[in-house]
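These are the residues of each chain, in order.
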Amino acid sequence: MIDISVILPTYNEAENIKLIIPKISEVMHRNNLSYEIVVVDDNSPDGTAETASGFALHHPIKVHLRINERGLATAVMKGFELSEGKIVVLMDADLSHPVERIPAMIQPIMEGVCEATVGSRYTEWGGSDHWPWVRRMISQGAGLLARGVTNLTDPTSGFMAIRKSLLEGVKLDPVGWKIVLEVIVKVNPSLKEIPFSFTDRIKGESKLSLKAQLDYLRHLWKLYDFKYRNWFKFLSFSLVGFSGMIIDTAILVAFVELFATDPRVAAVFAFMAAVTWNFKMSQNWTFQDAGYSKQVLLRYISFVLICLVGLSIRISVMHLLIRHTMMGQGRGYILASIIGIFMATLFNFLGSRYVTFPRKRVQS
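Our subject in this report is the structure included herewith. On a predicted model such as this, the values are computed, not experimentally measured, just so you know.

Quick notes on the side chain of Ser 25
Part 1: Inspection of the secondary structure assignment puts Ser 25 in helix H1 (residues 14–30).
Part 2: There is a polar contact of 2.7 Å between the side chain of Ser 25 and the side chain of His 59.
Part 3: Beyond its immediate chain neighbours, meaning those up to four positions away, Ser 25 contacts Tyr 35, Ile 37 and His 59.

What follows is the structure in structure tokens.
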């Protein structure tokens, strides 16, 4: 059984791969570890895959060439799949993660202290060489945004070691490049952070771009949704409901003011337009991952019925509060209405979540 699999996702890293493979082998031999190096290359035009394959005679290397796929995170996932070691180590191929820190990364896992380690630039003895203040601010700002899903001091780190067995059966669905954050949030292993000093690449070009930053924000959104699924969906459902209220009001006013329609009749058209809008938004945004088992018409009918019951709940709550509490005095009816709307929204959300848009059961 192989002790360690070192995964190197690459794109145009031919010059760096010549340096890092011998360094990894030297560290592994010095520490008497059985190992393999898994290079997953996205069809680099500079011949990275061919360069890596050239080391196969003297080093335990697997090289996987991806022709039609791109992206660091998915390359790492392929590396996980191909690896055979009890512990997998993920690091950049550009030497920004010090190879000499691999033993420190894997030792706590081998000793049973934790199940995973993450390299950190922001713990004591960690750092990043020669970074301008703008890049430091971006990095620390990105870390701050992730505090709701992890307690890592360096959640944008790309240096990680983890027991391979923990990855089995875990559905990873990263956006962009922060696969370490994806793994830590989805797997939730016992964890230790290991300080390291980040070094800017010497050869090749950085992959950091505006698109990468936007992908990070999209990724965070998905991770918050994963960790706080019901609360997050309730928030998005409430935002949809708020937009529907604006549509309801606009149509009501338009019918009354422009077409001299009786407000009670206009309210029916306004209600149906708002409900239809809310249905489409809930289906396409809030509950898009449900995997629907009902036909669209049936879902729509059930959604309308749920909203009608929700409206009845709102009116009933308002009636009780106005009649039996101090809210019946002055403008207390406004607070009664807000409470009624909250109760109705909660009912509508639960009804939508479990009746209109239930998660489709997977047949085993």
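Things to note about helix H6 (residues 179–187)
Part 1: Where burial is concerned, most of H6 is hidden: nine out of the nine residues are buried.
Part 2: Taken together, the buried positions of H6 are occupied by Ile 179, Val 180, Leu 181, Glu 182, Val 183, Ile 184, Val 185, Lys 186 and Val 187.
Part 3: Two residues or fewer after H6 comes Asn 188, characterised by a positive phi angle close to 55 degrees.

Notes on the sheet that holds strand E7 (residues 160–163)
Part 1: Strand order in this open sheet of seven strands is E3-E2-E1-E4-E7-E5-E8, and the pairing throughout is mixed. Single-partner strands in this sheet number two, and they are strand E3 (61–65) and strand E8 (191–195). Adjacent strand axes in the sheet meet at a mean angle of 20 degrees when their direction is disregarded.
Part 2: By the bridge criterion, four bridges tie strand E4 (residues 87–90) to E7 in an arrangement that is antiparallel.

Side note on the pattern of salt bridges
Part 1: If you walk through the whole model with that rule in mind, you get 12 salt bridges.
Part 2: As a salt-bridge pair, Arg 30 and Glu 26 come within 3.3 Å of each other at their nearest N and O atoms. Of this pair, Arg 30 and Glu 26 both sit in helix H1, separated by four residues, roughly a single helical turn.
Part 3: Residues Lys 62 and Glu 36 are paired through a salt bridge, measuring 3.2 Å at the closest nitrogen-oxygen approach.

Remarks on the nonpolar core
Part 1: Ile 4, Leu 8 and Ile 24 are the most contacted members of the largest nonpolar core, which totals 31 residues.
Part 2: Put simply, the parts of the chain that give this core at least two residues each are strand E1 (4–10), H1, strand E2 (35–41), E4 and helix H4 (102–110).
Part 3: At six residues, H1 tops the list of elements feeding residues into this core.
Part 4: Leave out the neighbours within four places in its chain, and Ile 24 touches Val 6, Leu 8, Ile 37, Met 91, Val 99 and Ile 102.

Basis of the calculations
- Every chain's residues receive numbers from 1 upward, in the order its sequence appears when written.
- Where totals are concerned, whole chains, interfaces and linings use all residues; where local detail is concerned, this predicted model gives features only for residues with pLDDT of at least 70, and gives and counts side-chain atom pairs only at 80 or more.
- Hydrogen atoms and water are omitted, and side-chain values are computed over all heavy atoms in the structure.
- Only DSSP runs of H or I reaching four residues or more are called helices, and only runs of E reaching two or more are called strands; each is numbered from the N terminus.
- Whenever two N or O atoms come within 3.5 Å, that pair is a polar contact, provided that in protein one can donate a hydrogen and the other can accept it, and provided that, for residues adjacent in sequence, both atoms are side-chain atoms.
- Note on contacts: a residue pair is in contact if any heavy atoms of the two residues lie within 4.5 Å.
- Exposure categories follow from relative accessible area, calculated using a 1.4 Å probe and restricted to protein chains: below 20% of the type maximum is buried, above 50% is exposed, and the middle band is partly exposed.
- Pairing between strands requires that DSSP locate at least two bridges from one strand to the other.
- Helix axes use the C-alpha atoms of the stretch in contact, all axes being lines fitted to C-alpha atoms, and the angles between their N-to-C directions lie in the range 0 to 180 degrees.
- Throughout this description, the term salt bridge denotes a Lys or Arg side-chain nitrogen within 4 Å of a carboxyl oxygen of Asp or Glu.
- Side-chain atoms within 4.5 Å are what join buried Ala, Val, Leu, Ile, Met, Phe, Trp, Tyr and Cys residues into a set we call a nonpolar core.

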